[in-house]
Amino acid sequence: MKKITAVTLLSTIALFGCNKDDVETAAKGEAKVIAIDGITFKGVGVADGYYNQSTISNTPNVQATSGFKFQSKGDLENLGITVKSESCALLTKKSGETELCFDIKTGQDICMPDIIDSFGYRVFTIDLDKLSEAQKNDFQSISYTHQLLRADFTATPCEKLK
């Protein structure tokens, strides 16, 4: 029994890294995936602020700036994936940074134009055995956010994503 526990623990750490919250979630047989909920724009010829998918679709000046894929709880449920809980987070530039960049430890350096101030995300808790299916359908494991070097991913009340 101890060998199985050790193997399970090592597999979990390999999958999620050493982030305590991710390992605890995985130990419960769950995983967290994220999806873009909206984007905070500034200086694009419309009122500065947070735009979700529907407001982007209805606002010509920001339509052209957003090629991002938005996902929802309904998209997971349409895949047959049960959402156990939902929360929200913001992705912002780190203090001292001049740009919002998706630099990750592997060396990729993708920076957003100045008109994008932050991204709002929905965080969904799902069964761990459904993680691969969610990722195949454009949901990202929350463990990805731990690799970001020049951006902060912080929990926020969902009411603030408006």
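What you see is a predicted model; the values in this text were computed from it and never measured.

**Things to note about the overall build of the chain**
Part 1 of the reasoning: Secondary structure summary: the chain contains 6 helices and 6 strands in total.
Part 2 of the reasoning: Of the roughly 9200 Å² of accessible surface on the chain, a fraction of 50% belongs to carbon and sulfur atoms.

**Some remarks on the environment of Gln53**
Part 1 of the reasoning: With respect to the helices and strands, Gln53 occurs in helix H3 (residues 53–57).
Part 2 of the reasoning: In contact with Gln53, other than residues within four places in its own chain, are Asp37 and Phe70.

**Describing the pairing of strand S1 (residues 30–41)**
Part 1 of the reasoning: With 11 of 12 residues buried, S1 is to be regarded as a mostly interior element.
Part 2 of the reasoning: Sheet topology places S1 next to strand S4 (residues 116–127); 11 bridges connect them, and they run antiparallel. The partner of Lys32 across the bridge, within S4, is Thr125.
Part 3 of the reasoning: Of the pairings in the sheet, the one linking S1 to strand S5 (residues 140–141) comprises 2 bridges and is antiparallel in character.

**Some points on the pattern of salt bridges**
Oppositely charged side chains can form a pair if their charged atoms are brought close together.
Part 1 of the reasoning: On inspection of all chains with the given rule, the structure shows 7 salt bridges.
Part 2 of the reasoning: Between Asp37 and Arg122 there is a salt bridge; the shortest N-O distance is 3.1 Å. Of the two residues, Asp37 is situated in strand S1 and Arg122 in strand S4; the sequence distance between them amounts to 85 residues. Neither residue differs from the other here; Asp37 and Arg122 are each classed as buried.
Part 3 of the reasoning: A salt bridge links Lys94 to Asp152; the nearest nitrogen and oxygen atoms lie 3.0 Å apart. Placement of the pair is Lys94 in the loop between strand S3 (85–93) and S4 and Asp152 in strand S6 (residues 151–156), with a sequence separation of 58 residues.
Part 4 of the reasoning: Overlapping salt bridges, with partners in common, bring together Glu30, Lys84 and Asp127 in one network.

Thresholds applied
Residues numbered from 1 in each chain as written. Predicted model: local features only at pLDDT ≥ 70, side-chain atom pairs only at ≥ 80, totals over all residues. Heavy atoms only, no water. Helix = DSSP H or I, 4+ residues; strand = E, 2+ residues; numbered from the N terminus. Areas by Shrake-Rupley, 256 points an atom, 1.4 Å probe, with all protein chains shown as cover. Contact = heavy atoms within 4.5 Å. Buried < 20%, exposed > 50% of the residue type's maximum accessible area, 1.4 Å probe, protein only. Pairing = 2+ DSSP bridges. Salt bridge = Lys/Arg side-chain N within 4 Å of Asp/Glu carboxyl O.

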